[in-house]
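A structural walkthrough
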Amino acid sequence: MTLRGLKIKLTAALLVVACVASGCRQVEESAGLKVAPKSLRDVPAARLAFRFEPDVSAEKLPERLRKDEAEEPLATIKTDFETRRGNTDALIRTVVDPSGQRALALYGTSATETDFRIDLYSVEGQFIRNVLPPDLTGVFPSEVAWSPDGQSILFSGIRNPALSASPTPAPAGQPPDITQAPAQNEQPLTAPSVAPAIPSVQTFRTEQVYVGDRDGFNLRPLTSREGLIYFQLGWSPDGSGVVALACKEDEWDSRRSQGLLPAGRPRLITLEGGERLLDDRATAVAPVWSPDGSKVATAFDYDVAIYDAEGAQPGGAGLSLQEQLRAASADYDARVLKKGEPQGGNAQPNSQRGGSQAPGASQNSSQASSSQQGTVASVLISLNPVVRLEWVEPETIFAETAFVRFYRSEPLPTFKYTRWHALHLSPQATVLGSNRRAPRRVI
């Protein structure tokens, strides 16, 4: 065969291969087969797959999860409280804005034991103004937060006519005299706001979500559902919305009486006041946003639930971790806690044993387990429900499991057998047009 003839045959073969490949692509597109997405943002929650990595080492955890140290108030503001306010106001927490220029000072007064007031400060410790009107008080101090761009503040508030602002702003028309030079070696005191009294804002008898601007003005409620308690608030990455849990008053009181963490139903809240319920199940696990803001995740016992936060028809799905956690806990008990592996594979999780349940534990599953006849199950000490999520990268969610118990002598719950695990997300290899549902449920 001549060289020219060989070239002609090779060219013809390449053309055949190209045609076959093109035909395959056309068949795939006409059949609705999935095209690889550019990012997980383009993948609906119901089409996510995951790989479970148990007992992630401390070296692989983000720094904030490794340290998890107690938060200290800003020293400059703490000094101002100690020198200028005396024993009247007790500083609880300071929250610095993303620019590092301003801070919110949360403090209790003699009028309250659990709620708090909010004042705006410079990071140098200079008082700027009171933020809350006299009849509104803040609740859940750990949840007060600046928006990612530092232009708004977020907190839960409740009506409390007994409270009054402190220090009291000067009456309108009577500005304080700040023209006199301070004595030598004396630091001038920043005058309280000389603006008119803080405008009143709509208040409620149960905890609602409030926002305000970076200057401490324009306070307004985002929610107004009297009788519901909103908590576990979290800004979206772009500051366009908020995720929260909410429950009824009797549900809150019932869990407190049982020594359980409060649990609520997850929901999305827009800055225009729109609200979308994500699930009709209650959880104690704070919802978290994906880094790109396209999804929200929380957990129910041993399942992680992921919801679409955007799209014309948002949905969701559950990722069941029970079997993976059971296998990992058997190994953990034998390797770390030096306990023998359970016999028969019927080990009970800690949320299904006697005593206090861990947050989010299912009472129905607990009752079902206790009703089993003729089964003596060993206990896996380290098998506990998910109590916290951290979505650090679009493809990675860290899930913490722990046993939580309340003691009457302690104001806060005690966490035992804490372990961090990782869920590595990826798209499912499925046909778009199929009716196949997610492993647990589509919400």
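Our subject is the structure listed above.
Let me begin by describing the structure that accompanies this report. Keep in mind that this is a model prediction, so the values were computed, not measured.

1. Notes on the environment of Gly241
Tracing the backbone shows Gly241 in strand β12 (residues 241–248). The sequence separation of Gly241 and Leu268 amounts to 27 residues, and the corresponding C-alpha distance is 7.2 Å.

2. Topic: the sheet that holds strand β3 (residues 102–108)
Pairing in this open sheet of four strands is antiparallel, and the strands run β2-β3-β4-β5 from one edge to the other. Looking at the sheet topology across the chains shown, the edges are occupied by β2 (90–96) and β5 (127–130). Strand-to-strand twist across the sheet, computed as the mean angle between neighbouring axes with direction ignored, equals 30 degrees. Pairing of β2 with β3 involves six bridges; the strand directions are antiparallel. By the bridge assignment, Ala90 is partnered in β3 with Gly108.

3. Overview of the pattern of salt bridges
A full pass over the atoms with the stated rule returns 17 salt bridges. Close ionic contact of Arg419 with Asp55 constitutes a salt bridge, the shortest N to O distance being 2.7 Å. Residue Arg419 is found in strand β21 (residues 414–427), and its partner Asp55 is found in the loop between β1 (48–53) and α2 (63–67); the two are separated by 364 residues along the sequence. Given a relative accessible area of 23%, Asp55 falls into the partly exposed group. Here Asp215 ties to Arg102 by a salt bridge, and the two come within 2.7 Å at their closest N and O atoms.

4. Here's the deal with empty space enclosed by the protein
Applying the stated criterion to the full structure yields one cavity of 30 Å³ or more. Estimated volume of the largest cavity: approximately 50 Å³. Taken together, Leu40, Leu48, Ser290, Asp292, Ser294, Lys295, Trp391, Pro394 and Leu425 form the lining of the largest cavity. Looking at the lining of the largest cavity residue by residue, the classes come out as five nonpolar, two polar and two charged.

5. Considerations on the environment of Leu120
If you trace the backbone, Leu120 turns up in strand β4 (residues 117–122). Looking at Leu120, the relative accessible area reads 1%, which means it is buried.

6. Examining the sheet that holds strand β13 (residues 265–270)
Pairing is antiparallel in the open sheet, where four strands are placed in the order β11-β12-β13-β14. In this open sheet, the two edge strands, each paired with only one partner strand, are β11 (228–235) and β14 (275–277). Put simply, the sheet's adjacent strands are angled 30 degrees from each other on average, direction ignored. Bridging between β13 and β14 involves three bridges; their strand directions are antiparallel. Looking at the pairing, Leu268 lines up with Arg276 of β14. In the packing of helix α4 (residues 249–257) onto the sheet, contacts are made with β11, β12 and β13, and the angle to β12 comes to roughly 75 degrees.

7. Digging into the packing of aromatic side chains
Counting across every chain of the model gives seven aromatic pairs. Centre to centre, the rings of Phe140 and Trp252 are 5.7 Å apart; their planes meet at 40 degrees, and the pair counts as tilted. Here Phe140 is found in the loop between β6 (136–139) and β7 (145–146), whereas its partner Trp252 is found in helix α4, with 112 residues between them in sequence. On the numbers, 5.7 Å between centres and 10 degrees between planes, the contact of Phe155 with Tyr210 is stacked. Note that Phe155 is positioned in strand β8 (residues 152–159) and Tyr210 in strand β9 (residues 208–213), a separation of 55 residues in sequence.

8. Remarks on the nonpolar core
Of all hydrophobic cores here, the largest spans 25 residues; its most connected members are Ile306, Leu389, Ile397, Leu423 and Leu425. Breaking this core down by element, the ones donating at least two residues are β1, β16 (295–300), β17 (303–308), α5 (322–335), β19 (386–393), β20 (396–405) and β21. Counting residues per element, this core draws most heavily on β19, which supplies three residues.

Cut-offs and rules
- Residues numbered from 1 in each chain as written.
- Predicted model: local features only at pLDDT ≥ 70, side-chain atom pairs only at ≥ 80, totals over all residues.
- Heavy atoms only, no water.
- Helix = DSSP H or I, 4+ residues; strand = E, 2+ residues; numbered from the N terminus.
- Pairing = 2+ DSSP bridges.
- Axes fitted to C-alpha atoms, helices over the stretch in contact; angles between N-to-C directions.
- Salt bridge = Lys/Arg side-chain N within 4 Å of Asp/Glu carboxyl O.
- Buried < 20%, exposed > 50% of the residue type's maximum accessible area, 1.4 Å probe, protein only.
- 1 Å grid on protein atoms, 1.4 Å probe; cavity = no way out; pocket = protein on both sides within 12 Å on 5 of 7 lines; lining within 4 Å.
- Points joined across faces, edges and corners; volume = space filled by probe spheres on them.
- Nonpolar A, V, L, I, M, F, W, Y, C, P; charged D, E, K, R; others polar.
- Contact = heavy atoms within 4.5 Å.
- Phe/Tyr/Trp six-rings, centres within 6.5 Å; stacked < 30°, edge-to-face > 60°.
- Core = buried A, V, L, I, M, F, W, Y, C linked by side-chain atoms within 4.5 Å.

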